[in-house]
Amino acid sequence: MAEHLQRAKSVVLEYHRSLDSVLARRPGHDGASAGDITDVLASSVTEGFLWRGMHPFYEQHGAESVADVFWAPLRAAMAPLQRRVDVFLAGDNDADGGATTWVCSMGHFLGLFDAAWLDIPPTRRATPIRYVEFSRVDGDLIAESALFLDLVAVMRQAGQYPLPPTTGQPGIYFGPRTADGVLTEPQDPDETAATLELVGRMAGDLGEANRVARDQGSDRMPREVLARCWHPDMLWIGPDGIGSSYTIDRYQQQHSYPFRFGLGDKEFHGHVARIAEGRYAAWFGWANLTNRPRGGYLGLPASGPAEMRVVDVYRREGDKLADNWVFIDLLHWLAQQGLRPLERMRQLLGIEEF
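Before going into details, it helps to say that this report is about the structure given with it. (Residues numbered from 1 in each chain as written. Predicted model: local features only at pLDDT ≥ 70, side-chain atom pairs only at ≥ 80, totals over all residues. Heavy atoms only, no water.)

### Quick look at the nonpolar core
Then comes step 1: Ranked by internal contacts, the top residues of the largest apolar core, which has 105 residues, are Trp71, Trp117, Leu149 and Trp333.
Then comes step 2: Discounting residues that sit within four places of it in the chain, leucine 149 has contacts with Met54, Phe70, Phe109, Trp117, Ile129, Arg130 and Tyr131. (Core = buried A, V, L, I, M, F, W, Y, C linked by side-chain atoms within 4.5 Å. Buried < 20%, exposed > 50% of the residue type's maximum accessible area, 1.4 Å probe, protein only. Contact = heavy atoms within 4.5 Å.)

Listed below in structure tokens is the structure:
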């Protein structure tokens, strides 16, 4: 059962080794050329490769497009880049009955921010970029990927923070407390099954709370409901713009209630990938959720409906979820409401006309 998962991991690890070796080269200095990233991608992905990226990158097709739109500009701004991994797992996709196999890698890229990227001004300092990447493996190649970054955190580090103060604490991006998230070895299938059952039960509680909110207008999710699946000292690690929360009580105060009261008409649309291995699980949607801002969420006014593209990575401890790393494409969610922080930044910097 685990043999094909190990093969999938080896495909992604080899891709990361090849890509990381060229991301570490400084253009014009270390033998780096415009085509070396494309060459690595072309040897690692299928001909019809689909890449999903956050705003403003969105969907790209084929190795050359992905290299030109995302990787080459990032390397030009921040080389040498290194990847620092906190969680790595593979699994058969529960969202399609196990028809596909996905690998999830989560951690940080670290680079020297020496040139503008997306017109975000360089800091000339070491700059961590939170990332999570899902890769669907087909044979010995990667057929599709989704790469989520915390771009708002990059803007904050460059002094261009675009949002009102957070409800949680920004800058808390710890890896697993148990330091065992990189699952290069096969995992106990019973542990995997227990993790998948727990995250499924937690999602069921959330879905029921959303149904009650729609039908009865009550958007509270009682602490005792959360405590069925969450460790009392849970750590919810959210994106910049929301921040992180520690313990169930502070999670309710600093994220759950602002999210539930500030956003109405929530509709869940499913996941592209939903996997578990050992005591870890991960999923993403494109988009998972639509909602309607009622006013107040992230300190912003009410607006029309918008979709959210969300990643959750979980660590199970016993029969409870103890860590939850969350990525949300907030810039895409804001753009649907007519708010474009990157454009506003360019205008304030005099790069674009109002």
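Still more ground to cover, so stick around.
### Looking at the environment of aspartate 39
Then comes step 1: Mapped onto the elements of the fold, aspartate 39 is located in helix H2 (residues 36-44).
Then comes step 2: What makes aspartate 39 exposed here is its relative accessible area of 53%.
Then comes step 3: Residues aspartate 39 and isoleucine 275 lie 236 residues apart in sequence; the distance between their C-alpha atoms is 30 Å. (Helix = DSSP H or I, 4+ residues; strand = E, 2+ residues; numbered from the N terminus.)

### Here's the deal with empty space enclosed by the protein
Then comes step 1: Going through the model one piece at a time under the given rule, you end up with two cavities of 30 Å³ or more.
Then comes step 2: A volume near 50 Å³ is recorded for the largest cavity.
Then comes step 3: Around the largest cavity sit Asp86, Met106, Gly107, His108, Arg130, Tyr173, Phe174, Trp325 and Phe327, which together line it.
Then comes step 4: The set of elements that each furnish at least two residues to the lining of the largest cavity consists of strand E4 (101-112) and strand E15 (320-328).
Then comes step 5: Per-element tally for the lining of the largest cavity: the top contributor is E4, with three residues.
Then comes step 6: Taken together, the residues of the lining of the largest cavity sort by class into five nonpolar, two polar and two charged.
Then comes step 7: Here the second largest cavity defines a volume of roughly 30 Å³.
Then comes step 8: In this structure, the second largest cavity is lined by Met54, Leu149, Asp150, Leu151, Val152, Pro239, Asp240, Ile328, Leu330 and Leu331. (1 Å grid on protein atoms, 1.4 Å probe; cavity = no way out; pocket = protein on both sides within 12 Å on 5 of 7 lines; lining within 4 Å. Points joined across faces, edges and corners; volume = space filled by probe spheres on them. Nonpolar A, V, L, I, M, F, W, Y, C, P; charged D, E, K, R; others polar.)

### Quick notes on the sheet that holds E15
Then comes step 1: With mixed pairing, six strands are arranged side by side in an open sheet as E8-E7-E15-E14-E11-E10. Each edge of the open sheet is held by one strand with a lone partner, namely strand E8 (245-246) and strand E10 (273-277).
Then comes step 2: Looking at chain direction, strand E11 (residues 280-284) and strand E14 (residues 310-317) are connected through five bridges and run antiparallel. Residue alanine 281 lies in a different strand from E14, and its bridge partner there is tyrosine 314.
Then comes step 3: Together, strand E7 (230-237) and E8 form the strand contacts of helix H7 (residues 248-262), whose direction differs from that of E7 by roughly 40°. (Pairing = 2+ DSSP bridges. Axes fitted to C-alpha atoms, helices over the stretch in contact; angles between N-to-C directions.)

### Some remarks on the sheet that holds strand E1 (residues 45-53)
Then comes step 1: Taken together, the six strands give an open sheet; going across it, the order is E2-E1-E6-E5-E4-E3, and neighbouring strands pair in mixed fashion. Of all strands in the sheet, those bounded by a partner on one side alone are strand E2 (59-61) and strand E3 (82-92). Neighbour-to-neighbour, the strand axes of this sheet turn through a mean angle of 15°, independent of strand direction.
Then comes step 2: Seen against the sheet, helix H1 (residues 3-23) touches E3, E4, strand E5 (126-138) and strand E6 (141-149) and runs at an angle of roughly 160° to E3.

### Some words on the packing of aromatic side chains
Then comes step 1: Under the definition given, this model contains 18 aromatic pairs.
Then comes step 2: Relative to tryptophan 286, the ring of phenylalanine 148 lies with its centre 6.1 Å away and its plane at 90°, an arrangement referred to as edge-to-face. Taken together, the residues span a long stretch of sequence, with phenylalanine 148 in strand E6 and tryptophan 286 in the loop between E11 and strand E12 (289-293) at a distance of 138 residues.
Then comes step 3: Relative accessible area serves as the criterion here: at 0%, phenylalanine 148 is assigned to the buried category.
Then comes step 4: Given the relative accessible area of 18%, tryptophan 286 is considered buried. (Phe/Tyr/Trp six-rings, centres within 6.5 Å; stacked < 30°, edge-to-face > 60°.)

### Quick word on the environment of phenylalanine 113
Then comes step 1: By the element assignment, phenylalanine 113 lies in the loop between E4 and E5.
Then comes step 2: Judged by its relative accessible area of 0%, phenylalanine 113 falls in the buried class.
Then comes step 3: Distance from phenylalanine 113 to arginine 125, taken between C-alpha atoms, is 5.8 Å for residues twelve residues apart in sequence.

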